[in-house]
Amino acid sequence: MERTQDCRGGSVGAQRVHFASHLQTMAKMEVKTSLLDNMIGVGDMVLLEPLNEETFINNLKKRFDHNEIYTYIGSVVISVNPYRSLPIYSPEKVEDYRNRNFYELSPHIFALSDEAYRSLRDQDKDQCILITGESGAGKTEASKLVMSYVAAVCGKGAEVNQVKEQLLQSNPVLEAFGNAKTVRNDNSSRFGKYMDIEFDFKGDPLGGVISNYLLEKSRVVKQPRGERNFHVFYQLLSGASEELLHKLKLEQDFSRYNYLSLDSAKVNGVDDAANFRTVRNAMQIVGFMDHEAESVLEVVAAVLKLGNIEFKPESRVNGLDESKIKDKNELKEICELTGIDQSVLERAFSFRTVEAKQEKVSTTLNVAQAYYARDALAKNLYSRLFSWLVNRINESIKAQTKVRKKVMGVLDIYGFEIFESADNSFEQFIINYCNEKLQQIFIELTLKEEQEEYIREDIEWTHIDYFNNAIICDLIENNTNGILAMLDEECLRPGTVTDDTFLEKLNQVCATHQHFESRMSRCSRFLNDTSLPHSCFRIQHYAGKVLYQVEGFVDKNNDLLYRDLSQAMWKAGHALIKSLFPEGNPAKINLKRPPTAGSQFKASVATLMKNLQTKNPNYIRCIKPNDKKAAHVFTESLVCHQIRYLGLLENVRVRRAGYAFRQAYEPCLERYKMLCKQTWPHWKGPARSGVEVLFNELEIPMEEYSFGRSKIFIRNPRTLFALEDLRKQRLEDLATLIQKIYRGWKCRTHFLLMKKSQIVIAAWCRRYAQQKRYQQIKASALAIQSYIRGWKARKILRELKHQKRCKAAATTIAAYWHGTQARRELKRLKEEARRKHAVAVIWAYWLGLKVRREYRKYFRANAGKKIYEFTLQRIVQKYFLEMKNKMPSLSPIDKNWPSRPYLFLDSTHKELKRIFHLWRCKKYRDQFTDQQKLIYEEKLEASELFKDKKALYPSSVGQPFQGAYLEINKNPKYKKLKDAIEEKIIIAEVVNKINRANGKSTSRIFLLTNNNLLLADQKSGQIKSEVPLVDVTKVSMSSQNDGFFAVHLKEGSEAASKGDFLFSSDHLIEMATKLYRTTLSQTKQKLNIEISDEFLVQFRQDKVCVKFIQGNQKNGSVPTCKRKNNRLLEVAVP
């Protein structure tokens, strides 16, 4: 009925509005997605029904098979390592999860990272992200993804980008020195890492602090079969240049080094050389100086070469065994690398000094003890180097400002380890102890979070029963009866201490503990347990029972390094190695026993737990799907084992002990509003009221849900799945309705369009027919008009042509008549002209005859002379015409001149050459300006004075005379000097004034004006001497290629009180010439220019001979002046 009404005109608009509102609603629903949409398996394990180990594993496997590697347990993320690259970490994915609700999209590590970052930025809550799992589960990659996401979503800027880059680039450095290839993982972290990333109030990173825990330093000296040493050793040998390897005294061959296992030296898919370049680049970005990076590589090389030192036994006279180094070449190279005296290090490997009170006892080391000392030194050296690296990175990445900071911690630490049979040792014991503490804080913080949310939402809190592993932690860490305390007590006890005595003590103290098992304990129920060897004990951890081999516990806990080796390292010339062993300083000897490895780790774990409890926790549980490191392989038994020791089922039970699902009212109403007519399509009241109406309409039992302040709490997952089923069915119904309305709208729209098109087509057809008929009528009328007009035009044309022919005939007759008359008159005139011309010709011939008859007698007497003159005139004329074409250029220096054609013209030819040269010289001189004329006059004057007299003259010919070389008028430095001189300055040049006493030179400004010669200080511009030109009597100089000249002054004048002046200048010829011309112009007397290699100069009351000699100069081609005695001054000229 409704559709019928819609098809009738008026209600079509209303139907369109209704349809548009449906489309907007569905579009909004599509944008607000949820992890419940298109769910593969169950995205949140809290909603798993039924909940048991089998369904848990099946759900993980189902999601893993569909490339869904992330699953939630409430706010905890489970990550299954896919062992391949997946397209789920692109920048687009980062934007998808940015600023989105945690449950709004499918499970992802980015969702947890975004939730933690937004809580830190917006709610000012410090965060920590705890990443746990066994080796190969993907912990390191997960920590990288967290850091890369935070780096992508936080602020931008040059400083911020630099901080982010340094934080990210610290990973390659730590991985190279702290990661190794194991049977379970090609890039296994062999240390625990906790990084605090510090942010400002805007959420931009300021820096970070890294803490490391329990580096597996025993790997340095020994690796299990199928595993490698730390990456850096292989990267250095593979990627370093030959020059660097030679400097470090290394070779690329792995087999040359005892500390490197050969069966797994090469790893498929790993390029150690490229990784080495990456590490060097990362160290540079983080802030390592070049010398620091070189020092680190030298220490690594020293550790490698330590493994090549081998010992042989020798017997002393007293019968004691002693060890000696077989090949001292390796020891020598180590000492060259580290700067240690070879004898000191050799003695440290052969003897051990024990200090007790004031006594020192030196004992020899046998071969076994020497090998122990060597390995202990290698382990300590590498372990301390790693700690130094962490501290050095912290110095670079720490926050530079002192403002209040927000902190996000990322914990990447080893997971629970259970090896086959009795391969679990001291390392596994303290690793599992750390995981016990993490499990304890995990349960406590999870329950605390649940309880706080219930209280915040005003929901009644009910007590939750769970396994509290505090009793296991107490078994290990109790200060009195704990295993670590007893291990420390056993290590410090005097007398014989072995692993067996330690186990015996455990059997006495812990025999009654319900989580401790030992075959030798007083508990009779384990006496016949054949799965429990005599040299082992077993602890029932929260993740399962672990059998520990007691062998090596005492030695690994002691972690002793002989004091002799510490002191030898402190004596190293290598600054880094010396700083790693401060206890080796003899001035700071401490007889107190260093803390044990167990106590140090216990204190570190306590500090870590205290730090984590101050932050809001976020958990990532990493799971390894198979031991083959293969993609698409899911081994259920292995996954089951990890689920148990990670306590994931326990976590789900704690999470769903009260209400399994909770959601804010707004997204809940938005998701399920289509299930109730009152809330669909829009609810105008409060969201909580809408949810109440919705649940009442659906008749959901009251005990299945509870209303909080801001969230709806659903107790059973079945209720949620029932809602999802109803929603899915309702969405299908709504889709059907939308399709129906859309199809009706489409048909109506098509009909109206066809109707409108028919009307338009009919109108166009009628219009076309009328236009065509009109065109036909118009064409007919035009044809008739054209025929009539053509007939009339042809008639008029015939009449006009007749008239034209009549006029043309008359004109032609008249033209013929006039032509006949003109030709007759022309013929008459031509006849008359011929007669007149004949008369004139006859008369001319007659006159010519008369003249010839009259002058015939005179012509015969002067014919020879006239012919000679005529011929000579023609030769001279030809000579001048040829000279005109062969004239040389107008350049005065062009000496070309045409050759003489006739001998009788020799004098004329020379005179013409002289006249032409004078003429072109005048033309060339007329082009000169007054300034150029003056310069050439000075050059001409210089030629007359110095040509063939002074050897320096030829080099000055091509140099223009500038005069003012200092530009005193433009230089502000000489403003004071310029103001003091009122006359025109002819020369302004820096000269070297020769000291009268010792022959050394001093720079002076030489100024020549129209009336005076002045000397001024070059730096200050102060005038030192002023000499009138009338007092200058002579200028003396040598004939050699030097710039020395003497200015002689008139005796008795005021200027001559100190004697004559001796100068050296680079422009001697110019200065002497200008001085000569200026003196001539002012005094009308020529200045005497004396050129001689030996002349006298008046110095005060003495006359000194200046002598010029040839000599080899130390300073090149510069002449030198030297005072030989009171009467002689020698100038050495090269």
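Because the structure is predicted, anything quoted here is derived from the model rather than measured. Note on numbering: residues in each chain are counted from 1, in written sequence order. In keeping with the predicted nature of the model, local features appear solely for residues at pLDDT of at least 70, side-chain atom pairs appear and are counted solely at 80 or more, and the whole-chain, interface and lining totals rest on all residues. Only hydrogens and water are set aside; all other atoms, that is, all heavy atoms of the structure, feed into the side-chain values.

**Quick notes on the overall build of the protein chain**
Inference 1: By the criteria applied, helices consist of DSSP H or I runs no shorter than four residues and strands consist of E runs no shorter than two, each listed in order from the N terminus. Looking only at helices and strands, the protein chain features 33 helices and 31 strands.
Inference 2: A radius of gyration in this sense is built from C-alpha atoms; the matching globule rule multiplies 2.2 Å by the number of residues raised to 0.38. Since a compact globule built from 1134 residues should have a radius of gyration of about 32 Å, the 58 Å found for the protein chain marks it as more spread out than a globular shape.
Inference 3: Once the C-alpha set of the protein chain is aligned to its principal axes, its extents read approximately 185 × 140 × 60 Å.
Inference 4: Residues are treated as being in contact if the distance between any of their heavy atoms lies within 4.5 Å. Within the protein chain, contacts between residues separated by at least 24 positions form 64% of all contacts whose residues are at least 6 apart in sequence.
Inference 5: Of the charged side chains in the protein chain, 177 are positive and 136 negative; the average position of the first set lies 18 Å away from that of the second. A positive count includes Lys and Arg, and a negative count includes Asp and Glu. His and the chain ends are not counted in either. Charge placement uses NZ in Lys and CZ in Arg. For Asp and Glu, CG and CD serve respectively.

**Section: the side chain of Gln-1098**
Inference 1: Residue placement: Gln-1098 occurs in strand E28 (residues 1094-1099).
Inference 2: Those residues in contact with Gln-1098 that lie beyond four places of it in its chain are Gly-1059, Asp-1060 and Lys-1103.

**Digging into a nonpolar patch on the surface**
Inference 1: Patch membership requires more than 30% relative accessible area and the absence of a salt bridge. Residues of like charge join within 9 Å; the nonpolar side chains Val, Leu, Ile, Met, Phe, Trp and Tyr join within 5 Å. The Shrake-Rupley method, run with a 1.4 Å probe, gives the accessible areas here. Residue values count only the displayed protein chains as cover. One speaks of a salt bridge when a side-chain nitrogen belonging to Lys or Arg is within 4 Å of a carboxyl oxygen belonging to Asp or Glu. On the surface, a nonpolar cluster with roughly 400 Å² of combined accessible area is contributed by Tyr-868, Leu-872, Tyr-902 and Phe-904.
Inference 2: In this fold, Leu-872 is placed in helix H28 (residues 863-885).

**Quick word on the pairing of strand E22 (residues 1012-1017)**
Inference 1: Three labels apply to residues, based on accessible area from a 1.4 Å probe with only protein chains included: buried if under 20% of the type maximum, exposed if over 50%, partly exposed otherwise in between. Of all 6 residues making up E22, 6 are buried, and the element is well covered by its neighbours.
Inference 2: Of the two faces of E22, the one carrying Asn-1012, Leu-1014 and Ala-1016 and the one carrying Leu-1013, Leu-1015 and Asp-1017 are both buried.
Inference 3: Pairing between two strands is assigned when DSSP locates at least 2 bridges connecting them. Alignment of strand E21 (residues 1001-1009) against E22, held across 5 bridges, turns out to be antiparallel. Each residue of the ladder has a partner; that of Leu-1007, found in E22, is Leu-1014.

**Structural notes on the sheet that holds strand E24 (residues 1032-1037)**
Backbone-to-backbone hydrogen bonds join strands into a sheet, with any given pair of strands oriented parallel or antiparallel.
Inference 1: The strand order E23-E22-E21-E20-E26-E25-E24-E27 describes an open sheet built from 8 strands, whose pairing is mixed. The open sheet has two free edges, formed respectively by strand E23 (1023-1028) and strand E27 (1088-1091), since each of these has just one partner strand. The average angle at which neighbouring strand axes cross in this sheet is 30°, direction not considered.
Inference 2: For helices, the fitted axis covers only the stretch in contact; all axes are lines through C-alpha atoms, and the angles between them, taken along N-to-C directions, range from 0 to 180 degrees. Set on the sheet, helix H33 (residues 1068-1083) makes contact with strand E20 (985-994), E21, E22, E24, strand E25 (1044-1049) and E27; between it and E20 the angle comes to about 125°.

**Overview of the packing of aromatic side chains**
Inference 1: Only the six-membered ring of Trp is used, alongside the rings of Phe and Tyr, when aromatic pairs are assigned; centres must lie within 6.5 Å, and planes under 30 degrees apart are stacked while those over 60 apart are edge-to-face, with the rest tilted. Across all of its chains, the model carries 31 aromatic pairs by this definition.
Inference 2: With 5.9 Å between their ring centres and 70° between their planes, Phe-311 and Phe-349 make a pair best called edge-to-face. Of this pair, Phe-311 sits in strand E8 (residues 311-315) while Phe-349 sits in helix H13 (residues 342-350), and the two are 38 residues apart along the sequence.
Inference 3: By relative accessible area, which is 0% here, Phe-349 ends up buried.

**A look at helix H30 (residues 930-946)**
Inference 1: Each residue after the first adds 1.5 Å to the expected span of a helix. Between its first and last C-alpha atoms H30 spans 24 Å; for 17 residues at 1.5 Å apiece the expected length is 24 Å, and the two agree.
Inference 2: Along H30, the positions that sit buried rather than exposed are Glu-938, Lys-939, Glu-941, Ala-942, Leu-945 and Phe-946. What you see down the axis of H30 is that its buried residues fit within an arc of 160°, all on one side. Projecting away from the buried face of H30 at angles above 90 degrees are the exposed residues Asp-930, Leu-940 and Glu-944.
Inference 3: Directly beyond the C-terminal end of H30, a positive phi value near 65° is found at Asp-948. Picture the helix axis, draw a direction to every C-beta atom, and the arc is the one those directions span.

**Quick look at unusual backbone geometry**
Inference 1: Cis rather than trans, the peptide bond between Glu-49 and Pro-50 has omega equal to -5°.
Inference 2: As for its placement among the helices and strands, Pro-50 is situated in the loop between helix H2 (12-31) and helix H3 (53-65).
Inference 3: In this structure, Pro-681 follows Trp-680 across a cis peptide bond, with omega equal to 0°.
Inference 4: By the element assignment, Pro-681 lies in the loop between helix H25 (665-672) and helix H26 (687-698).
Inference 5: Located in the positive-phi region is Asn-67, a residue other than glycine, with phi close to 65°.
Inference 6: Topologically, Asn-67 is positioned in the loop between H3 and strand E1 (70-73).

**Side note on the pattern of salt bridges**
When the charged atoms of two side chains lie near each other, side chains of opposite charge can form a pair.
Inference 1: Scanning the model with the defined rule gives 49 salt bridges in all.
Inference 2: Residue Glu-346 is joined to Lys-328 by a salt bridge in which the shortest nitrogen-to-oxygen separation is 2.8 Å. Of this pair, Glu-346 sits in helix H13 while Lys-328 sits in helix H12 (residues 328-338), and the two are 18 residues apart along the sequence.
Inference 3: Of the residues examined, Lys-328 reaches a relative accessible area of 39% and is grouped as partly exposed.
Inference 4: Salt-bridge contacts for Glu-517 lead to Lys-545; the nearest nitrogen and oxygen are separated by 3.1 Å. Placement of Glu-517 in strand E13 (residues 516-517) and of Lys-545 in strand E15 (residues 544-549) is noted, with a sequence separation of 28 residues between them.
Inference 5: Among the residues examined, Glu-517 registers a relative accessible area of 3% and is labelled buried.
Inference 6: Taken together, the salt bridges that share partners define one network made up of Arg-190, Glu-216, Arg-219 and Glu-227.

**Some words on the sheet that holds strand E17 (residues 661-664)**
Inference 1: Taken in spatial order, the 3 strands of this open sheet run E17-E19-E18, and their pairing is antiparallel. Edge positions in the sheet fall to E17 and strand E18 (705-707), since each of these pairs with one other strand and no more. The average angle at which neighbouring strand axes cross in this sheet is 20°, direction not considered.
Inference 2: Pairing analysis gives 3 bridges linking E18 to strand E19 (residues 711-714), with the strands arranged antiparallel. Within the sheet, the bridge partner assigned to Phe-707 lies in E19 and is Ile-712.
Inference 3: Along the sheet face, H25 touches E17, E18 and E19 and points at about 95° away from the line of E17.

**Re the pairing of E20**
Inference 1: Most of E20 is tucked away: 7 of the 10 residues are buried.
Inference 2: As paired strands, E20 and E21 are joined by 9 bridges and run antiparallel to one another. Each residue of the ladder has a partner; that of Glu-989, found in E21, is Phe-1006.
Inference 3: When E20 meets strand E26 (residues 1061-1064), the two strands line up antiparallel, connected through 2 bridges. Bridging across to E26, Lys-993 finds its partner in Phe-1063.

**Examining the nonpolar core**
Inference 1: Side-chain atoms within 4.5 Å are what join buried Ala, Val, Leu, Ile, Met, Phe, Trp, Tyr and Cys residues into a set we call a nonpolar core. If you look at the biggest cluster of nonpolar residues, it comprises 113 residues, and the most contacted ones within it are Phe-177, Phe-233, Leu-345 and Phe-349.
Inference 2: In terms of residue count, the dominant contributor to this core is helix H14 (residues 367-397) (13 residues).
Inference 3: Contact partners of Phe-349, with chain neighbours within four places excluded, come to Leu-306, Ile-309, Phe-311, Ser-323, Ile-325, Leu-331, Leu-365, Ala-370, Ala-373, Arg-374, Leu-377 and Leu-565.
Inference 4: Core analysis: the next-biggest nonpolar cluster, separate from the first, contains 92 residues, Tyr-542, Val-550, Phe-634 and Leu-675 among them.

**Section: the packing of helix H11 (residues 290-306) against H14**
Between two packed helices, both the angle of their axes relative to each other and the distance between the axes serve to describe the pair.
Inference 1: Axis separation between H11 and H14 bottoms out at 9 Å; the angle between their running directions is 160°. Taken together, H11 and H14 sit at an angle that is classed as roughly antiparallel. The chirality of how H11 crosses H14 is left-handed. When H11 is examined against H14, the residues Glu-292, Val-296, Val-299, Val-300, Val-303 and Leu-306 are found in contact with a partner set consisting of Arg-374, Leu-377, Ala-378, Leu-381, Tyr-382, Leu-385, Trp-388, Leu-389 and Arg-392. If an angle is under 35 degrees, it is roughly parallel; if it is over 145, roughly antiparallel; if it lies from 65 to 115, roughly perpendicular; otherwise it is oblique. Here is the rule for handedness: rotate from the far helix to the near one, and if that takes an anticlockwise turn smaller than a right angle the crossing is left-handed, while a clockwise turn gives right-handed.

**Let's talk about the environment of Ile-968**
Inference 1: In this structure, Ile-968 sits in the loop between helix H31 (953-957) and helix H32 (975-980).
Inference 2: Its relative accessible area of 5% is what places Ile-968 among the buried residues.
Inference 3: Linking Ile-968 and Glu-989, residues 21 residues apart in sequence, is a C-alpha distance of 9.9 Å.
Inference 4: Those residues in contact with Ile-968 that lie beyond four places of it in its chain are Tyr-974, Leu-977, Lys-978, Ile-985, Ala-988 and Leu-1007.

**Some remarks on the confidence of the model for the protein chain**
Inference 1: Values of pLDDT, which run from 0 to 100, indicate the predictor's confidence residue by residue. For the protein chain, per-residue confidence averages 83 on the pLDDT scale, and residues scoring 70 or more make up 92% of the total.
Inference 2: Low pLDDT, under 50, characterises residues 1-33; the predicted model gives this stretch 38 contacts beyond four residues in sequence or across chains.

**Points about H25**
Inference 1: The buried count for H25 comes to 6 of 8 residues, which makes it a mostly enclosed element.
Inference 2: Turning to H25, its buried residues number three or more, namely Tyr-665, Cys-668, Leu-669, Glu-670, Arg-671 and Tyr-672.

**Digging into the environment of Asp-1066**
Inference 1: With respect to the secondary-structure elements, Asp-1066 resides in the loop between E26 and H33.
Inference 2: Judged by relative accessible area, Asp-1066 falls into the exposed class, the value being 70%.
Inference 3: Taking the C-alpha atoms as reference points, Asp-1066 and Leu-245, separated by 821 residues in sequence, lie 58 Å from one another.

**Regarding the packing of H30 against H33**
Inference 1: Following both chains from N to C, one finds H30 and H33 inclined at 100°, their axes separated by 10 Å at the closest point. In terms of orientation, H30 and H33 fall into the roughly perpendicular class. Of the residues in H33, those in contact with Leu-934, Glu-937, Glu-938, Glu-941, Ala-942, Leu-945 and Phe-946 of H30 are Ile-1069, Ala-1072, Thr-1073, Lys-1074, Tyr-1076 and Arg-1077.
Inference 2: Class assignment for the residues of the contact of H30 with H33 results in 7 nonpolar, 1 polar and 5 charged. Three residue categories are used. Nonpolar comprises Ala, Val, Leu, Ile, Met, Phe, Trp, Tyr, Cys and Pro, charged comprises Asp, Glu, Lys and Arg, and polar comprises the others, including Gly.

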